[in-house]
Amino acid sequence: MESSELTREELLQLRSISRTLDDLLEEALKNRENLEQTFRRVLPLLLPLTGAVGVAVRTNDEELHEHTWHHGTFGGTFPGTWLAEKRFGVHKTPQGTWVAQSLDLVGVQVGAMGLFFDASSLLATDAARMRTLDAIAEELDTVLASVHTASEKHQLLMTINRFLSNRVFDIGMDQAVLALCERVRLPGFLLVHRDAIDTGALHYRVYRDGRLESSSGGKRHCALDDAITAYGQTLLANKDAHLTAALQADKAAEAVLISGINDNATLGKILVWSNGQGFSAYTRDLIHLLASALSQRLVDYNRERIHLSQFFAPPVIDELLKDPDYEQRYLTPRDEEVGILFADINGFTKICEQVLVRPDRIGKFVDEWTAEAVRILYAHGGVFDKMVGDCVIGLFGPPFFRSSRADRAAAVMQAAVELQAFTQHQMSAYPDLARLPDILKVPGLGVAIGVNLAPTFCGLFGPNRQYTGFSTGMNSTARLQSLGGFRETLVMQSVQQALAAGKPELLEKWSLGPLSETAVKNVGQPLKYFKLL
């Protein structure tokens, strides 16, 4: 019967194997070698150290693909077969003895290792062979732990980035959080971030065990809403305690999301809590990996929203970004009948030269008037096409084209009425225009507006991907607007006809004068229009 007792000679040999292997692995780590290079360095030297004629290791490589590394001979059998079929214990064959054991990291099996001894081996007992193998495996565990941890983090980061690349931000975010929670347990998870268009607003998504529980765009979280109302942007500050209080989050970890190295603007914050158990260093590393990937995704998402905000109202942007193919479905140029509005401030050149005078005052005035003009367009489903000087151009119908032609005619009319009222009443009281009646002999500020309903080719155009429209109708509306006098709105016959056919009750609300006909430059047919009384 073989002795299983550890002799002094064997103890010295095991220490020698451990020291030698430790030095070899330290050198490999110092040189930042991968597993292929490390095993090529280590395995050949294990044979003279152990008296084995073959050594094999089966584990995952840096890409987490299973691979077998081996050196020496194995009695005519491929060592991968040994490691697949005989992963633990002592196995006798006519050619020699195979000893193997599983490799594990924190109780999780990550592979197996084996030594093959022929009849001439100096290690006479199977117990001694197993102890030798165990000493080697313990040294390898350290290397494999670091490799597998780094590989798992890398693979998770790739998965997170793949999910976050989803054109629909919310869907990608939900998938990324679930992927993280499948790797480590995160009872509570919050993302809160700024709105790219209205920087004073905050959006949030709250998850429980990886599943969405509430959000600013869906089922609301009352305590979180109260905290946002009370503290606003200060909630994004590092180590601010109001979020944890609102969520009753115990043992929380956080990561502030910033836009990048050169621009440290705060984008938002991740807050994760564990119901009192705390987080390991590994879990915290994964949280920060997600934070890093999410920061870049938020930069891209915000850039996309800001681009769209040049033309569309925030609710329209939200709906567009819920569709991964929104550009192809809604923004590709298409020929549709749209409502068209051109609005130009009466006597703007004289106002600039004789009343506002200074460039900064002119710029500030135009900014304030335009901001409200665009808000009025948005309020009635309009798209802000562009400004040409002080002329605001709006389109009604894009980008979804769900409304009827009568609805588009009604929307462009209502926007024109409100824009006239705003300019006359609010902007006439603008402080810098106090001398306007005395200098220009007019009762206040006015605007000339032309409205039309015409087939137009609408969509994103040009290198800057600007949303605009092209048609003879656009040109006719510009000419119509130029005919308008002080505080006049001129309505093309097509608008009146659409209202008469679909919303005749509005024609009584909006009183129109007699039909006029005027020939204008560069337009083949005379313009037929009404004056809004």
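The structure under discussion appears in the preceding block.
Residues numbered from 1 in each chain as written. Predicted model: local features only at pLDDT ≥ 70, side-chain atom pairs only at ≥ 80, totals over all residues. Heavy atoms only, no water.

**Comments concerning the overall build of the protein**
Working step 1: Counting its secondary structure elements, the protein contains 17 helices and 18 strands.
Working step 2: What you see for the protein is a C-alpha radius of gyration of 37 Å, clearly larger than the 24 Å of a compact globule of 533 residues, by over 25%.
Working step 3: Overall size of the protein, expressed as C-alpha extent along the three principal axes, is 120 × 50 × 40 Å.
Working step 4: In the protein, buried positions account for 48% of the 533 residues.
Working step 5: If you take every contact in the protein between residues at least 6 apart in sequence, the share linking residues at least 24 apart comes to 61%.
Working step 6: Surface accessibility of the protein: about 25400 Å² in total, with carbon and sulfur atoms responsible for 52%.
Working step 7: When the 53 basic and 63 acidic side-chain charges of the protein are each reduced to a single mean position, those positions are 5 Å apart. (Helix = DSSP H or I, 4+ residues; strand = E, 2+ residues; numbered from the N terminus. Rg over C-alpha atoms; globule rule 2.2 N^0.38 Å. Buried < 20%, exposed > 50% of the residue type's maximum accessible area, 1.4 Å probe, protein only. Contact = heavy atoms within 4.5 Å. Areas by Shrake-Rupley, 256 points an atom, 1.4 Å probe, with all protein chains shown as cover. Lys, Arg positive; Asp, Glu negative; His and termini not counted. Charge placed at Lys NZ, Arg CZ, Asp CG, Glu CD.)

**Regarding helix α5 (residues 169-183)**
Working step 1: Taking 1.5 Å of rise per residue, 15 residues should cover 21 Å, and α5 covers 22 Å from first to last C-alpha, within 8% of that figure.
Working step 2: Of all the residues in α5, the buried ones are Phe169, Gly172, Met173, Ala176, Val177, Ala179, Leu180 and Cys181.
Working step 3: Against α4 (126-164), β6 (188-194), β7 (202-208) and α8 (281-308) lie the buried residues of α5. (Expected span 1.5 Å × (residues − 1).)

**Here's the deal with the packing of α4 against α8**
Working step 1: Two elements in contact, α4 and α8, have axes whose closest approach is 10 Å; the angle formed by their N-to-C orientations is 30°. By the angle between their axes, α4 is roughly parallel relative to α8. Both α4 and α8 take part in a crossing whose hand is right-handed. The residues of α8 that touch α4, namely those facing Thr149, Glu152, Lys153, Leu156, Leu157, Ile160, Asn161 and Leu164, are Tyr282, Asp285, Leu286, Leu289, Leu290, Ala293, Leu294 and Arg297.
Working step 2: Residues that form the contact of α4 with α8 fall into these classes: ten nonpolar, two polar and four charged. (Axes fitted to C-alpha atoms, helices over the stretch in contact; angles between N-to-C directions. Parallel < 35°, antiparallel > 145°, perpendicular 65-115°, else oblique. Left-handed = near helix turned anticlockwise from the far one by under 90°. Nonpolar A, V, L, I, M, F, W, Y, C, P; charged D, E, K, R; others polar.)

**Examining the sheet that holds β7**
Working step 1: As summarised here, the arrangement of the five strands in space is β8-β7-β6-β10-β9, forming an open sheet in which the pairing is antiparallel. Each edge of the sheet is formed by a strand with only one pairing partner; in this case those strands are β8 (211-215) and β9 (252-258). When strand polarity is set aside, the average angle formed by the axes of neighbouring strands in this sheet is 20°.
Working step 2: Bridge count for β6 against strand β10 (residues 266-273) is six bridges, and the pairing is antiparallel. (Pairing = 2+ DSSP bridges.)

**Some words on the pattern of salt bridges**
Working step 1: As enumerated under the stated definition, the model contains 26 salt bridges in all.
Working step 2: Glutamate 488 is the partner of lysine 531 in a salt bridge, and the nearest nitrogen-oxygen pair spans 2.8 Å. Pair noted here: lysine 531 is in strand β18 (residues 527-531) and glutamate 488 is in the loop between α15 (472-483) and β16 (489-492), with a separation of 43 residues, a long-range link.
Working step 3: Each of Lys92, Asp126 and Arg129 takes part in a single network of salt bridges with overlapping partners. (Salt bridge = Lys/Arg side-chain N within 4 Å of Asp/Glu carboxyl O.)

**A word on the side chain of serine 216**
Working step 1: Counting through the fold element by element, serine 216 comes out in the loop between β8 and α6 (222-231).
Working step 2: For serine 216, the contacting residues outside a window of four places in its chain are His203 and Tyr204.

**Here we look at the packing of helix α2 (residues 35-50) against α4**
Working step 1: The interhelical angle for the contact between α2 and α4, taken along N-to-C directions, is 170°, at an axis separation of 13 Å. Between α2 and α4, the angle falls in the class roughly antiparallel. Across the interface between the two elements, Leu35, Phe39, Leu46 and Thr50 from α2 touch Thr132, Ile136, Leu140, Val143, Leu144 and Val147 from α4.
Working step 2: When the residues that make up the contact of α2 with α4 are grouped by side-chain class, the tally is eight nonpolar, two polar and no charged.

**A short note on unusual backbone geometry**
Working step 1: The omega angle of the peptide bond from proline 398 to proline 399 is -5°, so this bond is cis rather than trans.
Working step 2: Structurally, proline 399 is set in the loop between β13 (391-396) and α13 (405-426).
Working step 3: With a phi close to 50°, glutamine 248 is a non-glycine residue in the positive phi region.
Working step 4: Here glutamine 248 is to be found in the loop between α7 (242-247) and β9.

**Quick word on the side chain of aspartate 61**
Working step 1: Mapped onto the secondary structure, aspartate 61 falls in the loop between β1 (54-60) and β2 (66-72).
Working step 2: It turns out aspartate 61 is buried and unbridged, and the closest side chain with the opposite charge, arginine 58, is 12 Å from it.
Working step 3: Each residue touching aspartate 61, except ones within four places of it in the same chain, is listed here: Leu35, Trp69 and Ser151.

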